[in-house]
Amino acid sequence: MRSGEIRRSFIEFFAARDHEVRPSASLIPTDPTLLLTNAGMVPFKPYFLGEEDPPWDRAVSVQKCVRTIDIEIIGTTERHLSFFEMLGNFSFGDYFKEKAIPWGYEYVTDVLGLDPERLWFTVHETDDEAEEIWISQVGVPAGRVQRGGRDNFWQMGVAGPCGPSSEIFYDKGDRFGDAGGPIGGDEDRYVEIWNLVFMQNVQDEPYHVVGDLPAKNIDTGMGLDRVAAVLQGVRSVFEIDTTREVLRTAERYTKLEYGASERSDVSLRILADHGRTVTFLIGDGVVPSNEGRGYVLRRVLRRAVRHAWQHGGEGLVVPRLVETTIGVMGDAYPELEEKRDLLLDVVTREEEKFRRTLESGHQLLDTELAASERLPGAAAFKLHDTYGFPIDLTKEIAADRGVEVDLAGFEAEMARQRERARASWKGSDAAGAPEVYREIVEDHGLTEFVGYDFETSDAVLLSMVADGETVQRVGEGQEVEIFLDKSPFYAEAGGQVGDTGIIETATGTAEVRDTQHAIHGLQGHRARVTSGHLVTGQPVSASIDSPRREGIRKSHTGTHVLHWALRDVLGDHAGQAGSLVEDGRLRFDFSHFSQTAPEELGEVEEEVNRKLVSNHRVSTTITTKEQAEAMGALAFFGDKYGDIVRVVEVGDFSTEFCGGTHTHTSGQVGPLLIVSESSIGSNLRRIEALTGMAAYDQIVSMRASLNQAGSLLKTPLREVPARIDALLERVAGLEEKLESIASSRRGQTAEELAARAEAIGEACLVVAELEEAGGNELREIALGVRDRVGKPALIILGAGSDGKGSLVALATKDLVEKGISAADVITEAAREMGGGGSRDPELAQAGGPHGDRLTQALETARDRAERALAGL
């Protein structure tokens with residue numbers, strides 16, 4: 001019976017017994033406690049735990065699984081696989097042991113046709129009920145039922161459902177080992193083909209049961225590969241129909257023969273198993289990386305490459321294994337055929353890169369292994385850090401040579417490296433980034449930008465960075481930088497701002513707020529998770545904010561035309577020195593030796609809009625740098641150019657190097673409106689302008705303001721400037737008259753204050769509080785008083801305005817020469833008002849926020865002045 005027939009018979013058997021037929025779930029589980037789907041019950045875990053109501057009472061499935069906890073022994077035995085298919089029937093609080101056990105026996109004997117005389121059964125040491133059903137209800141001999149301990153209590157290895165189990169074994173015969181049954185006999189002789197789990201308990205950690213599930217459930221798992229080996233009469237799972245063809249491909253590649261030696265058999269089994277595992281992991285969206293499930297994939301793939309490499313096969317091996325796996329498994333899993341190109345592309349790039357690592361690092365490792373019986377941790381770290389040699393690979397190669405690896409020393413070096421990375425990250429968004437980003441490039445390569453042609457694209461979420469470190473999962477509200485294999489998002493470059501938009505997965509949505517080049521060619525989508533969660537390896541839909549991009553396009557094409565117009569009006573020296581291209585707005589820095597005259601700016605703006613209205617074609621050309629220069633292309637400030645460049649042409653007048661996005665015609669830019677021109681440095685000028693609807697809105701706003709001015713002035717629009725000029729002239733005349741009146745009044749005030757001056761010895765003192773006078777007015781009055789008293793004088797004036805207090809003190813020169821300082825007189829007074837003042841000894845000004853204390857401040861100043869004058 002071939003594997004396809006076994007799958008079909010199992011599904012039909014339980015479908016006939018009212019089980020809902022469920023397709024295999026992805027190898028990427030939704031359960032955050034699991035890295036990969038490693039059992040048939042994983043998709044049903046919420047039903048077992050009572051977290052969700054099951055839509056059906058019974059289900060049956062053929063679930064693809066990956067289990068790598070025992071990857072070190074894959075290849076060393078004939079029964080262990082990292083990828084396998086699990087046939088399972090499930091009951092969610094419906095039937096229990098009373099049906100699961102008899103149905104299990106009926107299927108293996110009546111449908112699969114296995115000889116009852118070669119079947120053995122185990123139950124948990126405490127499970128009297130299961131033993132009774134096997135013996136009394138099913139009728140198997142009591143001597144064929146054995147009681148086991150921990151092996152007969154099924155657990156996931158993490159918190160979750162668990163329970164006692166009963167296993168069905170097949171006896172392969174005397175030539176495979178000692179008799180005695182599954183418990184006591186040879187494990188190569190007695191092959192477990194089905195595990196019936198009575199899911200009734202819950203654990204909070206492995207082997208620690210904390211209670212019972214809400215209902216008693218059934219979870220069975222039959223390894224398709226193991227039962228196929230029994231039914232097809234072969235020694236191992238590597239000789240059945242779904243694995244033997246993959247193993248033959250490995251034989252052809254390595255020129256090895258299966259069965260020739262144990263060493264070659266181990267390598268061939270590893271190649272066959274890992275080729276299948278790699279195919280299914282990538283098929284379900286896992287991508288190679290140094291974290292999480294991506295690391296599992298990378299480790300499995302590299303382990304296969306190393307075993308092929310050490311046997312000297314020519315060319316790449318993993319793509320051949322993947323091709324064969326697709327051929328063998330494509331009927332049962334048609335998505336593999338659909339993703340053939342992706343699968344081959346990923347494994348080809350990964351193997352090519354790792355082969356370079358093997359070539360560069362293997363010589364160093366050989367030298368180190370030959371020098372000692374213990375590989376130092378520092379050497380293992382150097383292999384990892386400098387040559388990209390995974391520690392697992394170093395351990396495997398060292399073990400082959402009988403050399404121990406100093407893992408504690410290696411971990412110490414890794415810890416020091418992580419601490420250095422964290423320290424460099426703190427205080428700077430980019431300080432620690434290079435190492436993080438280099439790892440992403442090494443793991444996945446650069447981002448394929450598809451945004452010239454598409455505004456929405458399917459992609460794969462390769463990696464995420466948060467707080468300077470890679471993460472596997474982010475939840476709602478978290479800030480994260482997302483990296484995709486391809487993206488329609490333009491990363492900021494050449495003055496053009498990065499795109500914004502949305503990245504969606506099956507489990508969550510992230511709002512992209514900016515896109516930047518983490519490393520040139522590696523696009524980082526800086527985002528915030530707005531709902532659900534995102535996990536690396538997920539397929540995504542990436543969509544830019546299209547209206548915003550359209551506005552940016554307009555500004556970018558407008559920038560090129562503005563550059564041309566500036567050079568045309570001002571001269572070729574007016575070259576670009578910087579730019580900013582945004583939605584509806586641009587900023588353009590250029591070289592010029594003087595302020596651009598209004599007439600010149602007007603001419604530039606007119607030329608720009610004439611070219612835009614003429615609707616010239618905008619075209620792009622990919623060519624060599626030399627050919628672009630021959631075309632007369634101008635270099636766009638801030639861009640770096642390789643041997644192959646992109647050239648943007650607007651009509652026959654503007655040709656520039658440019659990697660940005662543009663409109664298809666100049667007319668699509670709409671109007672371009674210059675709003676300012678200013679200096680930003682020696683011989684550097686800056687123009688700011690609006691484009692598209694932003695320019696139109698500004699024109700509409702200015703027109704509305706002009707209409708309002710005309711209405712208020714009761715003047716036709718064309719006469720508004722002349723009318724305003726006339727009004728300004730009139731206002732200037734009135735202000736001159738008002739100032740003359742105010743000056744006369746200040747002189748009169750000074751006259752009055754001088755007449756009230758108090759004589760103190762040979763000098764006089766004037767202290768007065770005035771109403772609503774500003775600092776300039778106080779100074780003018782103080783000077784007027786000085787000119788009118790005609791002898792040594794100390795004048796202190798104060799006034800309040802808007803809740804604040806102001807003071808002015810003036811000492812005539814003869815008093816200053818005798819040591820009296822105007823500043824000293826009012827310093828303490830200013831503090832009364834919560835302020836301070838200037839330090840000029842002849843004319844000082846002070847003030848404070850507490851104008852309500854002005855009277856008290858003036859009294860303080862008077863007291864200080866009287867004491868100063870009395871001491872002369």
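Analysis parameters
Residues numbered from 1 in each chain as written. Predicted model: local features only at pLDDT ≥ 70, side-chain atom pairs only at ≥ 80, totals over all residues. Heavy atoms only, no water. Helix = DSSP H or I, 4+ residues; strand = E, 2+ residues; numbered from the N terminus. Rg over C-alpha atoms; globule rule 2.2 N^0.38 Å. Buried < 20%, exposed > 50% of the residue type's maximum accessible area, 1.4 Å probe, protein only. Contact = heavy atoms within 4.5 Å. 1 Å grid on protein atoms, 1.4 Å probe; cavity = no way out; pocket = protein on both sides within 12 Å on 5 of 7 lines; lining within 4 Å. Points joined across faces, edges and corners; volume = space filled by probe spheres on them. Nonpolar A, V, L, I, M, F, W, Y, C, P; charged D, E, K, R; others polar. Core = buried A, V, L, I, M, F, W, Y, C linked by side-chain atoms within 4.5 Å. Axes fitted to C-alpha atoms, helices over the stretch in contact; angles between N-to-C directions. Left-handed = near helix turned anticlockwise from the far one by under 90°. Pairing = 2+ DSSP bridges. Salt bridge = Lys/Arg side-chain N within 4 Å of Asp/Glu carboxyl O. Expected span 1.5 Å × (residues − 1). Parallel < 35°, antiparallel > 145°, perpendicular 65-115°, else oblique.

Draft legend 1. Quick peek at the overall build of the protein. Looking only at helices and strands, the protein features 24 helices and 34 strands. Rg of the C-alpha trace for the protein: 43 Å, well past the compact-globule value of 29 Å for 872 residues, more than 25% over. Here the protein holds 872 residues, and the buried ones make up 51% of them. A fraction of 68% describes how many contacts in the protein between residues 6 or more apart in sequence connect residues 24 or more apart.

Draft legend 2. Here's a closer look at the side chain of Ser619. Within the secondary structure layout, Ser619 lies in strand β24 (residues 618-624). Apart from residues no more than four positions distant in its own chain, Ser619 is found in contact with Val647, Val648 and Glu649.

Draft legend 3. Representation of empty space enclosed by the protein. Considering all chains together, one arrives at two cavities of 30 Å³ or more under this definition. Roughly 90 Å³ of volume is contained in the largest cavity. Along its surface, the largest cavity is lined by 14 residues, and Ser289, Glu291, Asp443, Ser463 and Thr470 are the ones closest to its centre. Counting residues per element, the lining of the largest cavity draws most heavily on helix α15 (residues 433-444), at four residues. For the lining of the largest cavity, a count of residues per class yields four nonpolar, seven polar and three charged. The calculated volume of the second largest cavity comes to roughly 30 Å³. Around the second largest cavity sit Ile282, Gly285, Val286, Val287, Leu342, Val346 and Val460, which together line it. Its residues placed into classes, the lining of the second largest cavity shows six nonpolar, one polar and no charged.

Draft legend 4. Geometry of the nonpolar core. Tyr107, Val108, Trp134, Ile193, Trp194 and Val278 are the most contacted members of the largest nonpolar core, which totals 104 residues. If you tally residues by element for this core, the top one is helix α11 (residues 340-371), at eight residues.

Draft legend 5. Summary view of the packing of helix α8 (residues 292-310) against helix α13 (residues 391-400). Running from N to C, α8 and α13 cross one another at 35 degrees; their axes reach a closest spacing of 10 Å. For the crossing formed where α8 meets α13, the hand is right-handed. Residue-level inspection shows Tyr295, Arg299, Arg303, Arg306 and His307 of α8 in contact with α13, the latter providing Asp392, Leu393, Glu396, Ile397 and Asp400.

Draft legend 6. Examining the pairing of strand β34 (residues 843-848) more closely. Taking every second residue as pointing to the same face, the buried face of β34 carries Ala844, Ala846 and Gly848, while none of Leu843, Gln845 and Gly847 on the other face is buried. As judged from the six bridges shared by strand β32 (residues 804-811) and β34, these two strands associate in the antiparallel manner. What sits directly across from Leu807, in β34, is Ala846. Where strand β33 (residues 836-837) lies against β34, two bridges are found, and the strand directions are antiparallel. Looking across to β34, one finds that Gly837 is bridged to Ala846. The hairpin formed by β33 and β34 contains five residues between the paired strands.

Draft legend 7. The arrangement of the pattern of salt bridges in detail. Throughout the structure, instances matching the rule amount to 57 salt bridges. Close ionic contact of Arg340 with Glu323 constitutes a salt bridge, the shortest N to O distance being 2.3 Å. Here the residue Arg340 occupies a position in helix α11, and Glu323 occupies one in helix α9 (residues 318-329), the gap between them amounting to 17 residues. Glu323 sits in the partly exposed class, given a relative accessible area of 36%. Note that Arg786 and Asp787 form a salt bridge whose closest N and O atoms lie 3.1 Å from each other. By relative accessible area, Arg786 is classed as partly exposed at 28%. For Asp787, a relative accessible area of 56% translates into the label exposed. When salt bridges that share partners are traced, they join Arg298, Arg302, Glu350, Lys353 and Asp443 into one network.

Draft legend 8. Representation of helix α6 (residues 241-254). Taking 1.5 Å per residue, 14 residues should reach 20 Å; α6 reaches 21 Å between its end C-alpha atoms and fits that length. Among the 14 residues of α6, eleven are classified as buried, and the element is accordingly described as predominantly covered. Three or more residues of α6 are buried, namely Asp241, Thr242, Thr243, Arg244, Val246, Leu247, Thr249, Ala250, Glu251, Tyr253 and Thr254. Lys255, located one to two residues past α6, shows a positive phi value of around 65 degrees.

Draft legend 9. View of the sheet that holds strand β26 (residues 654-657). Pairing within the open sheet is antiparallel, and its three strands lie in the order β24-β25-β26. Only two strands of the sheet have a single partner each, and these edge strands are β24 and β26. Between one strand axis and the next, the sheet turns by 25 degrees as a mean value, whatever way the strands run.

Draft legend 10. Examining the packing of helix α7 (residues 262-283) against α9 more closely. Where α7 meets α9, the closest approach of the two axes is 9 Å, and the angle between their N-to-C directions is 75 degrees. Overall, the two elements α7 and α9 adopt an arrangement that is roughly perpendicular. From α7, Leu271, Gly275, Arg276, Val278, Thr279 and Phe280 reach across to α9, where they touch Val318, Leu321, Val322, Thr325, Ile326 and Met329. Class assignment for the residues of the contact of α7 with α9 results in eight nonpolar, three polar and one charged.

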